[in-house]
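This is what each chain is made of:
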Amino acid sequence: MTLLSDDYARGLDAADPLRELRGEFLIPRHGDAEQAYFAGNSLGLQPRGARAYVEEVLHKWAAEAVEGHFTGQGQWMPYHELVRAPLARLVGAQPHEVVAMNTLTVNLHLMMVSFYRPTRERPAILIEAGAFPSDRHAVASQIAFHGFDPARDLVELEADEPNGTISMAAIERAIAQHGPRLALVLWPGVQYRTGQAFDLAAIARLAHAQGALCGFDLAHAAGNLELALHDSGADFAVWCHYKYLNSGPGAVAGCFVHDRHARSERPRFAGWWGHDVATRFRMGPQFLPTPGADGWQLSNPPILSLAPLRASLELFDRAGMAALRRKALGLTGYLQRLIETRLAETLQIVTPTEPERHGCQMSLRVRAGREAGRALFAHLGARGVLGDWREPDVIRISPVPLYNTHADVLRFAREVEAWRDAC
């Protein structure tokens, strides 16, 4: 059997111990068949169990109204606690180090209020060049808010590898070079355009050795990589739940604050729901933060937004991140072999191919240039193979182990071949 045979792909899928998980998701249709959906890095598919949890909240609201905060099943007052333990397991944290709240960029701003404390000697933040615009906007605005100049104090590390990726050596040099001026190193777990994954523990160690704090944006890493946030030593991390964590468009986001800051007296923007739970309803004027990540909450949790996250996290617990990671490497490895053996003259793999340097996402360029890339992307979409496009010239294909198959990957390769042969 060859890599391009149906029997080969079906054999790999039949041997997959996680194959039953695909049935737990609603797969969009294309004509009479299912899509080959590779955009889970942008918006994860809907777990079948999400509807029941959302309807549970709606029924409770209808039947109990305000008393739903305190009575019956799934009470709203402690509702965010229902996702605490599985979320901690997912990101490798202690339960009190994580909280589901707000949205990603809101959480990033809240974390920088506490962990970006610039001085005249240390005003700088280090990020990667080409960071996701929301991160760059947030960082630049924080620098300016504190009276410093982003043109001088926002340090953007340019790629030093051929495909636009960044070596660990370059990160180490940049932190050493700018160390005396660095207040914060803010780095992605996975770079959104290239799909490159990073050694978070090593970056945190380098930052701390220079006297800087360290935080991570894990938008493309949470639910994708095996994370060990507590052991990494990171001061904080933020992420969203609508990508690999399948919690719906605009879903509530996640936040990690390391245990050493659990009773931090660092400045923060305070809100009622971050107040110590034992005295919150005394309605006193003095803010007494709840120890741990919960102490950074502002408002009461968005119950309808948290409900789908419960369904998704149950599936992650059922599978385990170690097993999901093994399958993800199998899927991306199959995709890599197909490209190298059948499509090497058509596609260039941008993402590092070493397993430790990538997650589910494989970023691809069409060798014939941007216009050809746009044409291929349109062809794939018209044939029910859905990835996503990132300017200037990258097609992102992300085989997600919860619901993608080797047959999906083979379908992608065949459609690329069909487009190439028709050109």
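The paragraphs below set out a description of the structure included in this document. (Residues numbered from 1 in each chain as written. Predicted model: local features only at pLDDT ≥ 70, side-chain atom pairs only at ≥ 80, totals over all residues. Heavy atoms only, no water.)

Examining the nonpolar core
Piece 1. Counting 72 residues, the largest nonpolar core has L126, W187, F216, L218, W239 and L402 as the members making the most contacts within it.
Piece 2. With 9 residues, helix α10 (residues 303-319) is the single largest residue contributor to this core.
Piece 3. In this view, W187 contacts L126, I127, E128, L157, I166, I171, F198, I203, G215, F216 and D217; residues no more than four positions away in its chain are not counted.
Piece 4. One finds I143, A183, V238 and A253 within the second-largest nonpolar core, a separate group that totals 31 residues. (Core = buried A, V, L, I, M, F, W, Y, C linked by side-chain atoms within 4.5 Å. Buried < 20%, exposed > 50% of the residue type's maximum accessible area, 1.4 Å probe, protein only. Helix = DSSP H or I, 4+ residues; strand = E, 2+ residues; numbered from the N terminus. Contact = heavy atoms within 4.5 Å.)

Quick word on the packing of helix α4 (residues 104-115) against helix α5 (residues 133-145)
A packed helix pair is summarised by two numbers, namely the angle formed by the two axes and the spacing between the axes.
Piece 1. At their nearest, the axes of α4 and α5 sit 10 Å apart, and the two run at 30° to each other. With respect to α5, the axis of α4 lies roughly parallel. Our pair here, α4 against α5, has a crossing hand that is right-handed. Only S134, D135, A138, V139, S141 and Q142 of α5 make contact with α4, whose side of the interface consists of L104, T105, L108, H109, M112 and V113.
Piece 2. Residues of the contact of α4 with α5, tallied by class, amount to 6 nonpolar, 5 polar and 1 charged. (Axes fitted to C-alpha atoms, helices over the stretch in contact; angles between N-to-C directions. Parallel < 35°, antiparallel > 145°, perpendicular 65-115°, else oblique. Left-handed = near helix turned anticlockwise from the far one by under 90°. Nonpolar A, V, L, I, M, F, W, Y, C, P; charged D, E, K, R; others polar.)

Structural notes on the packing of aromatic side chains
Geometry of an aromatic ring pair is reported as the spacing of the ring centres plus the angle between the planes.
Piece 1. Counting across every chain of the model gives 11 aromatic pairs.
Piece 2. When the centroid spacing of 5.0 Å and the interplanar angle of 85° are considered together, the rings of F132 and Y192 count as edge-to-face. With F132 in the loop between β7 (124-128) and α5 and Y192 in the loop between β9 (182-188) and α8 (200-209), the pair connects residues that are 60 residues apart, well separated along the chain.
Piece 3. Owing to a relative accessible area of 8%, Y192 belongs among the buried residues under this scheme.
Piece 4. Between the aromatic rings of F377 and W389, the centroid separation amounts to 6.2 Å while the plane-to-plane angle is 50°, which identifies the pairing as tilted. Remark: W389 occurs in strand β16 (residues 388-390) and F377 occurs in helix α12 (residues 370-382); sequence separation between them is 12 residues. (Phe/Tyr/Trp six-rings, centres within 6.5 Å; stacked < 30°, edge-to-face > 60°.)

Structural notes on helix α3 (residues 84-91)
Piece 1. Extensive coverage of α3 is indicated by the burial of 6 of its 8 residues.
Piece 2. Inspection of α3 places R84, P86, L87, A88, L90 and V91 among the buried residues, and these make up the whole buried set.
Piece 3. Buried residues in α3 make contact with β6 (98-100), α9 (229-232), β11 (236-239), α10 and α11 (321-342).
Piece 4. Positive phi appears at G92, one or two residues downstream of α3, with a value of about 70°.

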